[in-house]
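Residue strings, one per chain:
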Amino acid sequence: MEEVRVFPLSCVVQKYAWGKVGLDSEVAKLVVSGDPLAVIEEDKPYAELWMGAHPKGDAVIRDNRISQTTLGQWIADHPGCLGSKVKDAFQGQLPFLFKVLSVNIALSIQAHPNRELAARLHTQFPEHYPDSNHKPEMAIALTPFEGLCGFRPVEEIGEFLKKVPEFLALVGNAAAEELQSSVEDLLRVPGALKKCFTRMMNCEKKVFVNQLNILVKRVSEEAAAGKDTTGSNGELLLRLHSQFPGDIGCFSIYFLNMVKLEPGEAMFLGANEPHAYLFGDCIECMACSDNTVRAGLTPKYIDVNTLCEMLSYTPAPASSKIFPVSRDPCDPFLFMYDPPVPDFTVIKIQVPTSVKQYTVSPIDSASILLVVQGEATGASTAGLSEMSIKSGSVLFISASESVSLHITSPAGMLLFRACCLL
């Protein structure tokens, strides 16, 4: 019998506390749409859908012609499915993890280590850093999406230091003045910014809790009186404080850019880039790792010293954090999100209403295809039977395989495909 090289997956749902609840969650909607027998509990969070072969969330194969239970097992037995370049470059492993995230409350202030630091952290603290890989990642908005990402321009941080005395109290006058004067010599900016951020993050708990309480009281009173609180970033401050009262991460909003993505817009988070997702639903793709260094807005293990040492202290405006998407010159329905790392690329496929036949092209990489909207009957070159796919369906496509779609939904299709284009 000919080997099956394209098959559907049943993927792992992570119910982290920060996820959107019940059918407010895009994750939950996709799960129940893809599997009508799935039961969604209206009071439970549905935070992440993991599509890949990571040991903490290995996808289950839904094809009774295949003897292996999970995608990880199947790839181990059929490494050629990855494509020759990918197989050799990543030692027979699928190099990426594909996800859907539904964020209701803020994720921790965090960054992901580069390969060198990841290896060191994994050796020293394996209970906190579970593998030795780096974890660059990209988020592509499905709904309006908000996140903190990268350091603000020095001028913006300086304005907050002037207008928010409680923030200045944590940074200290000397470090603040050093940051202000560093703009005249750009080589001094990273060091001055690091000093300010590190001083704030290492502030004694009773000091920062006291200053935070004073700040929240003042901003709450100003908001109640109808005053403009934008000079204190008031709306976001009160939102984060309601989610994480007394947390030093509430002050990070004065250092980090607020980035707002519209559906289809993306941000790329390279190694050592400080960030925190705040709200919304997104597609996410990353190198296959679960390494995160945290320092606020979390009840989890925090590692302030490692975070402060590793960060990229490069100020830039929020607009620079929106990652450019490029259109494929050969296919008007393809949009490429191709980051500056080899581990992954994400392709958005937006098939319009007028098109009823579409072929997902063969590439020299294994890929995972997620259907977000629409329905179709799919057939692969190697498969003898047709597959019914719809919103929530996830397919594994071996290297050099194509999938022909006969689209049955009236409003076209929206699909996302993760792959590795070396």
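Okay, so let's go over this structure. (Residues numbered from 1 in each chain as written. Predicted model: local features only at pLDDT ≥ 70, side-chain atom pairs only at ≥ 80, totals over all residues. Heavy atoms only, no water.)

## A few points about the sheet that holds strand 18 (residues 345–351)
Taken in spatial order, the eight strands line up as 6-1-23-20-25-18-17-16 in an open sheet, and their pairing is antiparallel. At either end of the open sheet lies a strand with only one pairing partner, and these are strand 6 (60–61) and strand 16 (326–328). By the bridge criterion, seven bridges tie strand 18 to strand 25 (residues 413–419) in an arrangement that is antiparallel. Its bridge partner being in strand 25, T345 is matched across the sheet by C419. (Pairing = 2+ DSSP bridges. Helix = DSSP H or I, 4+ residues; strand = E, 2+ residues; numbered from the N terminus.)

## A word on helix 8 (residues 189–201)
With 13 residues, helix 8 should cover 18 Å at 1.5 Å per step; its first-to-last C-alpha distance of 18 Å lies within 8% of that length. Of the residues making up helix 8, those classed as buried are V189, A192, L193, C196, F197, M200 and M201. Buried residues in helix 8, looked at end-on, bunch into an arc of 165°, giving them a common side. Looking at the buried residues of helix 8, the elements they touch are strand 10 (145–151), helix 5 (154–163), helix 6 (165–171), helix 7 (173–182) and helix 11 (304–310). (Expected span 1.5 Å × (residues − 1). Buried < 20%, exposed > 50% of the residue type's maximum accessible area, 1.4 Å probe, protein only. Arc of directions from axis to C-beta. Contact = heavy atoms within 4.5 Å.)

## Brief notes about the pairing of strand 12 (residues 266–269)
Residues A266 and F268 line one face of strand 12 and the alternating positions M267 and L269 line the opposite face, and both faces are buried. Sheet topology places strand 9 (residues 137–141) next to strand 12; four bridges connect them, and they run antiparallel. Bridged to A139 within strand 12 is M267. Relative to strand 15 (residues 322–323), strand 12 runs antiparallel, the two being bridged by two bridges. Across the sheet, the residue bridging to A266 is F323, located in strand 15.

## Let's talk about the nonpolar core
Counting residues in hydrophobic clusters, the biggest one holds 55 residues, and the most contacted among them are F167, F197, M200 and F255. Broken down by element, the residue count for this core peaks at seven residues, all from helix 8. Beyond its immediate chain neighbours, meaning those up to four positions away, F197 contacts F151, F255, L307, C308, L311 and Y313. Grouped together as the second largest cluster of nonpolar side chains are 48 residues, M51, L94, F98 and V394 included. (Core = buried A, V, L, I, M, F, W, Y, C linked by side-chain atoms within 4.5 Å.)

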